[in-house]
Each structure stands twice: as structure tokens, then as C-alpha cells.
Amino acid sequence: SSHGVVYPQNNGTNAYLQGQTDYSGSQQSDGSSGTSPAKEAVIRNRESAKSPDVVDGVFWSKTTERKCPGGFTEGDQKGWKNKIDKTKVVKLETGCGRMQNRMATFKDAAQACVRYRLNTDQIQGEIFSFYLSKLLGIDNVPPSSLHLVNTIDDRWRTVTGEIANSKWADDKVVIFTQFVEGLKPSYIPVEFRGEDRKLHPKQDLMNSKGPEDLCDLVQWSDLIIFDYLTANLDRVVNNMFNKQWNPNMMNTPAHNLERTSNGRLIFLDNESGLFHGYRLLDKYASYHRTLLDSLCVFRNSTARAIERLHHSGSVGEELNKMFSQNEELYNHIPRLPQKNAKILQQRIADVYEQIQTCKKQYV
């Protein structure tokens, strides 16, 4: 399909970054006489990374990642675009958050959340955040695509009354996002709740975590990077900011984060990213920074994407190119401006530096 998602080349999926831990020499002998080499080896193996299978240096191991449920694929996005381009909307009803958003049902019973905004920058924030997730290889953001409200179009004709009731303007660009059924609230992992928040690779807790908790942390390591880059205010920062009025806020479900029955986290409502969030950085930068500073375990593929984008310096160009190649309506909303691209590039540098700091500390 000419407008299926164009993904960046992935040179060597899961190929580990340079400088991973060599545990064979990580434990010095205690110098006590009579400690046999065999005994030293036992001590070394016990003391090295507490759970050799969980992390590898500052990266989640392949073993850990393989236990986690898969996310949305390129095929999902292509199928989704095909559906909204060709399938009739037969029902439009309230739902999906804010007042003018609607839940759309297609002729084949599939459903979408339709985001309608008067402010174009919220549409830009949502769609450019989606394509940034693709550029990073983060697969927790549901398939999304631009669409034009057109009451004359056969695809909309059945719901013209509902469009009028919704006070939607004709020829307005909306975003169709795949509706995911059976979602449950998702809570902030204990590692990120307190003022002492920290997720580092040599903690004893790695040993005691079950597969589901570990998979949560794998996905949270991506979430913290993604929300730092976009400066999303509407998720964890929302919980952190509101803690001043509600001390229990960090123990309540994370805002705009849901989970599927098999433990996949879904990053919903990214409209504050890259635009609105950047305008409010003076107010919220410290919240974003404290989350990034707490993180010292990363998905290898995400770290590689960050490294590539940091060295290329071209994230703005790549995002705009991906957007225009994949969205037929790319001329209906402005591209990511140079000013925003510059902020994003700087935030990529911040994440890159955090990864280097962690490698120096733990590798």
C-alpha cells in the first residue's frame, strides 16, 4: 500500500550496544587465603548481576523481552488505514474522552476513537507523537490516521445527523485511532512512585519480580523515554503534579495508560506531546527530568534508535518525511515546525546522555 507506515531500517534488531557487562571479571577476589578458583567462580556468579537473565548491562535481556506480549505492528497500521479509507461508519456516539470526541462503529463492527479538536496543535501533537513512536520502534501506541469529516462522502452518510449533533464542522481533519477492547487501568510501578524513584540494573528487586511485573517495567522504560521526548503532560506528570493536592495520587491508576488482558500497556491520548507540552516546559520540566533521571535500564532497540537519532541530528526531517509519506491528508495540517524539532532533538540528546551515564555507572 502506498500509504502504509514507512518504517526506518532496523540494522540488526536486538543487536546489543557496545560496552555490555562482562561479568567474568566483575568480582575481585577478597584476597583471603585458601579461596579456591572454583569457589571464587561461585561467588562471582552469585554476586554479578543478581539476575543474569533479567538484564544485560543496562539493557533488558533478550530473555526478558521475549517473555513480554507483542505490540502493534506495521501490518496493524496498514490494515487500519485500509479500513478507515474504505469502510463505512454506521454509528457515531459519545465516548473516548473529551466532549467532541466520538466513538465510531464501522460496518464490520470494528470501532475507533475519533479525536475532534478546534486547536490544530492538539491534532498535530497526537499524530506526530504516533509517528515518533514508530521512529523509535515503540509499539504501545494504537494505530492512528488522519481523516476528513465529509458529510457528502458515502462513508459518512449514515451518520450525518450524529455529525450535526456533535457540532463537527465539515472538512475538518480528525484522527481515527483503533479502539482496543477490554482495557483495564494500569498503575505506576512502585519503583517510580516515591521521591526516591529509581530503576537500576543491580537492584535485588530484579530477582523477586514475576514475568508480568518485569514486562511492566520493560514497557515503562519505553514510556518514560517517550513521554520525556514529547513532554507529555497528560500521563505520569499529571499524577506527579496533582500529588500536591492528593498525597495518594501516585497510588492511583496512571492517567491515560491502560493495559490489555495479556499485560500489554497502551499509551493513550498523546495530544499534549511535542506542542502544548513544549510550551509549558518551564512549568513541568522538573517532573519530566526526575523521571528520566530515575531510569537506568533500557530496551536495547529503543537505545539504538535514540543513538541513531542523536548522531543524525535529523529527527524533525525524518518525522515530517514519515508523516507526509503515510498520510494522504498531510497538506491539511502544518508539519512539525523547526522550533519544535530543535527541542525534540535536544531532548533526544538528554536521553542519549542518560544512557551513557548509566553505562559508565553499571558497565
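Rules and cut-offs
- Per chain, the residues get numbers from 1 upward, laid out in the order the sequence is written.
- Reporting in this predicted model follows two pLDDT cut-offs: at least 70 for local features of residues, and 80 or more for side-chain atom pairs to be given and counted; totals over whole chains, interfaces and linings ignore these cut-offs and use all residues.
- To get the side-chain values, all heavy atoms of the structure are used, and hydrogens and water are removed first.
- A run of H or I in DSSP counts as a helix once it spans at least four residues, and a run of E counts as a strand once it spans at least two, with each numbered from the N terminus.
- When a residue's accessible area, from a 1.4 Å probe over protein chains only, is under 20% of the maximum for its type it is buried; when over 50% it is exposed; and in between it is partly exposed.
- Every residue pair with non-hydrogen atoms within 4.5 Å of one another is taken to be in contact.
- Using a 1.4 Å probe, the Shrake-Rupley method yields the accessible areas, and only the shown protein chains count as cover for residues.
- Any two cysteine sulfur atoms lying within 2.5 Å of each other are counted as a disulfide.
- Each pair of aromatic rings taken from Phe, Tyr and Trp, with Trp reduced to its six-membered ring, is defined by centres within 6.5 Å and is described as stacked if the planes are under 30 degrees apart, edge-to-face if over 60, and tilted in the remaining cases.
- A helix is expected to span 1.5 Å for every residue after the first.
- Polar contact criterion, stated in full: a pair of N or O atoms within 3.5 Å, where within protein one must be able to donate a hydrogen and the other to accept it, and residues adjacent in sequence count only if both atoms are side-chain atoms.
- Strand pairing requires that DSSP identify at least two bridges connecting the strands.
- Angles run from 0 to 180 degrees between N-to-C directions of axes, and those axes are lines fitted to C-alpha atoms, restricted for helices to the stretch in contact.
- A carboxyl oxygen of Asp or Glu within 4 Å of a side-chain nitrogen of Lys or Arg is what we treat as a salt bridge.
- As used here, the term nonpolar core means buried Ala, Val, Leu, Ile, Met, Phe, Trp, Tyr and Cys residues forming a set that is joined through side-chain atoms within 4.5 Å.

Per the secondary structure count, the protein chain includes 13 helices and 10 strands. Relative to its 363 residues, the protein chain shows a buried fraction of 52%. In the protein chain, the proportion of contacts linking residues at least 24 apart, taken out of those at least 6 apart, comes to 76%. Element-wise, carbon and sulfur atoms account for 48% of the exposed surface of the protein chain, whose accessible area totals about 16700 Å².

What follows concerns the state of the cysteines. Taken as a whole and assessed by the stated rule, the structure comprises three disulfides. Two residues, Cys 68 and Cys 215, share a disulfide whose sulfurs are 2.2 Å apart. Of note, the bridge from Cys 68 to Cys 215 carries an S-S torsion of about -95 degrees and is left-handed in sense. Placement of Cys 68 in the loop between α2 (62-66) and α3 (74-86) and of Cys 215 in helix α7 (residues 211-230) is noted, with a sequence separation of 147 residues between them. Assessed through its relative accessible area of 5%, Cys 215 is described here as buried. Note that Cys 296 is cross-linked by a disulfide to Cys 358, the S-S spacing being 1.9 Å. When the S-S torsion is -90 degrees, as for the bridge of Cys 296 with Cys 358, the disulfide is left-handed. Of this pair, Cys 296 sits in the loop between α10 (281-293) and α11 (300-312) while Cys 358 sits in helix α13 (residues 338-362), and the two are 62 residues apart along the sequence. Side by side, Cys 296 and Cys 358 carry an identical accessibility label, which is buried. Going through the protein chain in sequence order and numbering each bonded cysteine, the pairs you get are 1-4, 2-3, 5-6.

Another point: the packing of aromatic side chains. Taken as a whole and assessed by the stated rule, the structure comprises 15 aromatic pairs. Arranged with centres 5.8 Å apart and planes meeting at 20 degrees, the rings of Phe 192 and Trp 220 form a pair that is stacked. In this pair, Phe 192 is assigned in the loop between β8 (184-187) and α6 (205-208) and Trp 220 in helix α7, connecting sequence segments 28 residues apart. By relative accessible area, which is 0% here, Phe 192 ends up buried. Look at Trp 220 and you get buried, because its relative accessible area is 0%. Each ring, one from Phe 241 and one from Tyr 284, has its centre 5.2 Å from the other, and the planes form 65 degrees; the classification is edge-to-face. With Phe 241 in helix α8 (residues 236-242) and Tyr 284 in helix α10, this residue pair connects regions lying 43 residues apart in the sequence. Across this residue pair, the class does not change: Phe 241 and Tyr 284 are buried.

Summarising the element assignment, Leu 291 is placed in helix α10. C-alpha of Leu 291 to C-alpha of Phe 192: the two residues are 99 residues apart in sequence and 7.5 Å apart in space.

Attention now moves to α7. Under the 1.5 Å per step criterion, the end-to-end length of α7 is 29 Å for 20 residues, consistent within 8% with the ideal 28 Å. Here α7 lies mainly inside the structure; 17 of its 20 residues are buried. Trailing α7 by a residue or two, Ala 231 shows a phi angle of about 60 degrees, which is positive.

Turning our attention to the side chain of Gln 124. With respect to the secondary-structure elements, Gln 124 resides in helix α4 (residues 120-136). Under the relative-accessibility criterion, Gln 124 is labelled buried at 6%. Here Pro 334 takes part through its backbone oxygen, which lies 3.0 Å from a polar atom of the side chain of Gln 124. When residues no more than four places from it in sequence are discounted, the contact partners of Gln 124 are Ser 129, Phe 275, Ile 333, Pro 334 and Arg 335.

Glancing now at the sheet that holds strand β5 (residues 111-115). Taken in spatial order, the five strands of this open sheet run β3-β4-β5-β7-β6, and their pairing is antiparallel. Bordering the open sheet on either side are β3 (89-94) and β6 (144-148), each of which pairs with just one other strand. Taken over all neighbouring pairs, the strand axes of this sheet differ in orientation by 30 degrees on average, direction set aside. Pairing geometry for β3 and strand β4 (residues 102-106), over five bridges, is antiparallel. Counterpart to Lys 91 in the pairing with β4 is Thr 105.

Pairing is possible between side chains of opposite charge, provided their charged atoms come close. Per the stated rule, a full pass over the model turns up 21 salt bridges. A salt bridge links Lys 209 to Glu 191, with the shortest nitrogen-to-oxygen separation between them at 2.9 Å. Remark: Glu 191 occurs in the loop between β8 and α6 and Lys 209 occurs in the loop between α6 and α7; sequence separation between them is 18 residues. Both residues of the pair, Lys 209 and Glu 191, count as buried. One connected set of salt bridges, linked through shared partners, spans Arg 115, Arg 117, Glu 126, Asp 269 and Glu 271.

This next bit is on the nonpolar core. By size, the foremost hydrophobic cluster in this structure holds 72 residues, and its most contacted members are Trp 60 and Trp 220. Ignoring anything within four residues of it in the chain, the contact list for Trp 220 reads Tyr 187, Ile 188, Pro 189, Phe 192, Val 236, Ala 254, Leu 257 and Leu 265. Core analysis: the next-biggest nonpolar cluster, separate from the first, contains 16 residues, Trp 80, Ala 112, Trp 168 and Val 174 among them.

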